[in-house]
Amino acid sequence: DVKVTQSSRYLVKRTGEKVFLECVQDMDHENMFWYRQDPGLGLRLIYFSYDVKMKEKGDIPEGYSVSREKKERFSLILESASTNQTSMYLCASSLIQGIRNEQYFGPGTRLTVT
Amino acid sequence: EDQVTQSPEALRLQEGESSSLNCSYTVSGLRGLFWYRQDPGKGPEFLFTLYSAGEEKEKERLKATLTKKESFLHITAPKPEDSATYLCAVQAYSSASKIIFGSGTRLSIRP
C-alpha cells in the first residue's frame, strides 16, 4: 500500500512566523505535490516536484516555497505566514509508470494562522 | 482551458436508493480521468482511473464510466458508510503530471 505521511495533523501559528510542512512517501514515487483545499474553492496546486531538487510552480505559488532534497521527502515552506494562508494542506505523490499517473494523498495538515 | 465540472454539488439519498454523480470535462487530449473519495478532515482516497471512452471500472457498490465528454460514478444500493465527498479529476497529455480537480459532490446516505 502506498503511504504518504504529513508531519502534523493540526498546526496553529502566528502571523509572520516561518512555517514548515513536511511530507514523506514510502513508495519511491518520482512526483510529489502540495495542494491547499478551501471550502468552495476545491483543491488548488501550490507546487510540485518531478525529481530531487526539481520543482515547478502550480496555480497559487505566491507566499510559498518548497524543498526536495531527497526523493521521499517534500517540504512546503511559508516564509511569513499570513491569515489568508489558513487552510487544509494536502501532500500527494504519484508514480510515472506508463500511462498510470494517479496521485495518492496524505491525511492533510489543518493550518490556522492567527 | 482544461476544466472539470461536477454535479450535483450535494446529493442526499435514502439507504438503498441508487443514483449517479456526474463529472463533465474539457481537456486538450485526455490522458486519464480519476475518481477520489474524501471523508471530512481527511485526504482524498484514490478510487479509479479511466483512460478511454467506453471504459468502466467497479469497486463494491461503485461503478465509474467514461465518455468523450463526461464520466459518471454510479452508486448502487448505497449504505450510510458511502457518505463522503466524491472528487473527479482529469489529466491532459500536455500537463506533465498535473491534474485538475472538480469541486466535488457531497453525498449523504440516510439510514
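Structure shown above.
Calculation notes
- Every residue gets a number counted from 1 within its own chain, in the order that chain's sequence is written.
- Here chains are named by letter from A upward and ligands by number from 1 upward, in the order in which they appear as written.
- Owing to the predicted nature of the model, reporting of local features is limited to residues with pLDDT of at least 70; listing and counting of side-chain atom pairs is limited to 80 or more, with chain, interface and lining totals taken over all residues.
- Note that the side-chain values use all heavy atoms of the structure and ignore hydrogens as well as water.
- Only DSSP runs of H or I with at least four residues qualify as helices, and only runs of E with at least two residues qualify as strands; both kinds are numbered from the N terminus onward.
- Computation of the radius of gyration draws on C-alpha atoms alone. For the globule rule, the value is 2.2 Å times the number of residues to the power 0.38.
- Classification of residues uses two cut-offs on accessible area relative to the type maximum, computed with a 1.4 Å probe and protein chains only: under 20% is buried, over 50% is exposed, and between them is partly exposed.
- Pairs of residues are marked as contacts when any of their non-hydrogen atoms sit within 4.5 Å.
- Here a polar contact means two N or O atoms within 3.5 Å. Within protein one must be a hydrogen donor candidate and the other an acceptor candidate, and residues neighboring in sequence count only if both atoms are side-chain atoms.
- Two parts placed together each lose some accessible area under a 1.4 Å probe, and adding up what both lose gives the buried area.
- Following the grouping adopted for this structure description, the nonpolar residues are Ala, Val, Leu, Ile, Met, Phe, Trp, Tyr, Cys and Pro, the charged ones are Asp, Glu, Lys and Arg, and the polar ones are all others, Gly among them.
- When a carboxyl oxygen of Asp or Glu is within 4 Å of a side-chain nitrogen of Lys or Arg, the pair counts as a salt bridge.
- Two strands qualify as a pair provided DSSP detects at least 2 bridges between them.
- Interaxial angle, 0 to 180 degrees, is taken between N-to-C directions of lines fitted to C-alpha atoms, where a helix line uses only the stretch in contact.
- In this scheme Phe, Tyr and Trp rings, the latter by its six-membered ring, pair at centre separations within 6.5 Å, and the angle between planes marks the pair as stacked below 30 degrees, edge-to-face above 60, and tilted otherwise.
- By disulfide we mean two sulfur atoms from cysteines, separated by a distance within 2.5 Å.

Q: What's the story with the overall build of chain A in this structure? I'm lost.
A: If you tally the helices and strands in chain A, you get zero helices and eleven strands. Each helix (α) and strand (β) of chain A, taken in turn from the N terminus, gives the series β-β-β-β-β-β-β-β-β-β-β. Relative to the globule expectation of 13 Å for 114 residues, the C-alpha radius of gyration of chain A, 13 Å, shows essentially globular dimensions. Over its C-alpha atoms, taken along the principal directions, chain A stretches across nearly 45 × 30 × 25 Å.

Q: What's the story with the environment of Ser87 of chain A in this structure? I'm lost.
A: All names here are of chain A. In this fold, Ser87 is placed in strand S9 (residues 87-94). We classify Ser87 as buried; its relative accessible area is 4%. The contacts of Ser87, once residues within four sequence positions are left out, are Arg36, Gln37, Asp38, Thr109, Arg110 and Leu111. A polar contact is formed between the side chain of Ser87 and the side chain of Arg36, at a distance of 3.4 Å.

Q: How should I be thinking about the interface of chain B and chain A in this particular structure?
A: How large an interface is tends to be reported as the accessible area lost when its parts come together. Tallying the contact residues gives 18 residues for chain B and 21 residues for chain A. Note on chain B versus chain A: buried area summed over both sides is about 1700 Å², and carbon and sulfur give 56% of it. On the chain B side of the contact with chain A, Tyr51, Ser97 and Lys98 of chain B bury the most area, a combined 29% of that side's loss. Applying the counting criterion to the chain B and chain A interface returns five residue pairs in polar contact (both at pLDDT 80 or more). Within the residue set of the side of chain B that touches chain A, elements represented by two or more residues are strand S4 (30-38), strand S5 (45-50) and strand S9 (84-92) of chain B. Here the side of chain B that touches chain A takes four residues from S4 of chain B, the largest share from any one element. Tallied by class, the residues present in the side of chain B that touches chain A amount to nine nonpolar, six polar and three charged.

Q: Help me understand the pattern of salt bridges, please; the structure alone is not making it clear to me.
A: Oppositely charged side chains may form a pair once their charged atoms are brought near each other. Residues and elements named next belong to chain A. Summed over the entire model, instances satisfying the criterion amount to ten salt bridges over all chains. When the shortest N-O distance is used, the salt bridge between Lys71 and Asp28 registers 3.1 Å. Of the two residues, Lys71 is situated in the loop between strand S7 (64-70) and strand S8 (73-78) and Asp28 in the loop between strand S3 (19-25) and strand S4 (31-38); the sequence distance between them amounts to 43 residues. For Lys71, a relative accessible area of 28% puts it in the partly exposed group.

Q: Would you explain the sheet that holds strand S6 (residues 56-59) of chain B in this entry?
A: Sheet strands line up and pair through hydrogen bonds in the backbone, either parallel or antiparallel. Residues and elements named next belong to chain B. Across the sheet, five strands lie side by side as S1-S3-S8-S7-S6; this open sheet has antiparallel pairing. The open sheet is flanked by strand S1 (3-7) and S6, the only strands paired with a single partner. This sheet shows a mean twist of 15° between the axes of neighbouring strands, independent of strand direction.

Q: Honestly, the packing of aromatic side chains in this entry has me stumped. Any pointers?
A: Each aromatic ring pair is described using two quantities: the centre-to-centre distance and the angle formed by the ring planes. Scanning the model with the defined rule gives ten aromatic pairs over all chains in all. A centroid spacing of 5.9 Å and a plane angle of 70° characterise the contact between Phe105 of chain A and Phe101 of chain B, whose relative ring orientation is edge-to-face. Note that Phe105 of chain A is positioned in strand S10 (residues 103-105) and Phe101 of chain B in strand S10 (residues 100-101), a pairing that runs across two chains. Here the two residues Phe105 of chain A and Phe101 of chain B agree in accessibility, since each one is buried. Between Tyr36 of chain B and Phe101 of chain B, the ring centres sit 5.7 Å apart and the planes meet at 50°, which makes this aromatic pair tilted. In this pair, Tyr36 of chain B sits in strand S4 while Phe101 of chain B sits in strand S10, placing the two residues 65 residues apart along the sequence. The burial state of Tyr36 of chain B is the same as that of Phe101 of chain B; both residues are buried. Taken together, Phe33, Tyr35, Phe48, Tyr104 and Phe105 of chain A together with Tyr36, Phe46 and Phe101 of chain B form an aromatic cluster joined through their ring pairs.

Q: Got a minute to help me understand the state of the cysteines in this structure?
A: Here is the idea: a disulfide is a covalent bond, and it sits between the sulfur atoms of two cysteines. Following the criterion strictly, the structure yields two disulfides over all chains and no others. Across the disulfide from Cys23 of chain A sits Cys91 of chain A; the S-S distance is 1.9 Å. Sign of the S-S torsion, about -75° for the bond between Cys23 of chain A and Cys91 of chain A, identifies this disulfide as left-handed. Here Cys23 of chain A is found in strand S3, whereas its partner Cys91 of chain A is found in strand S9, with 68 residues between them in sequence. For the pair Cys23 of chain A and Cys91 of chain A, one class covers both residues: buried. Here Cys23 of chain B pairs with Cys88 of chain B through a disulfide, and the sulfurs are 1.9 Å apart. Judged by the sign of its S-S torsion, about -60°, the cystine formed by Cys23 of chain B and Cys88 of chain B is left-handed. In this pair, Cys23 of chain B is assigned in strand S3 (residues 19-26) and Cys88 of chain B in strand S9, connecting sequence segments 65 residues apart. As far as burial versus exposure is concerned, Cys23 of chain B and Cys88 of chain B are alike and both buried.

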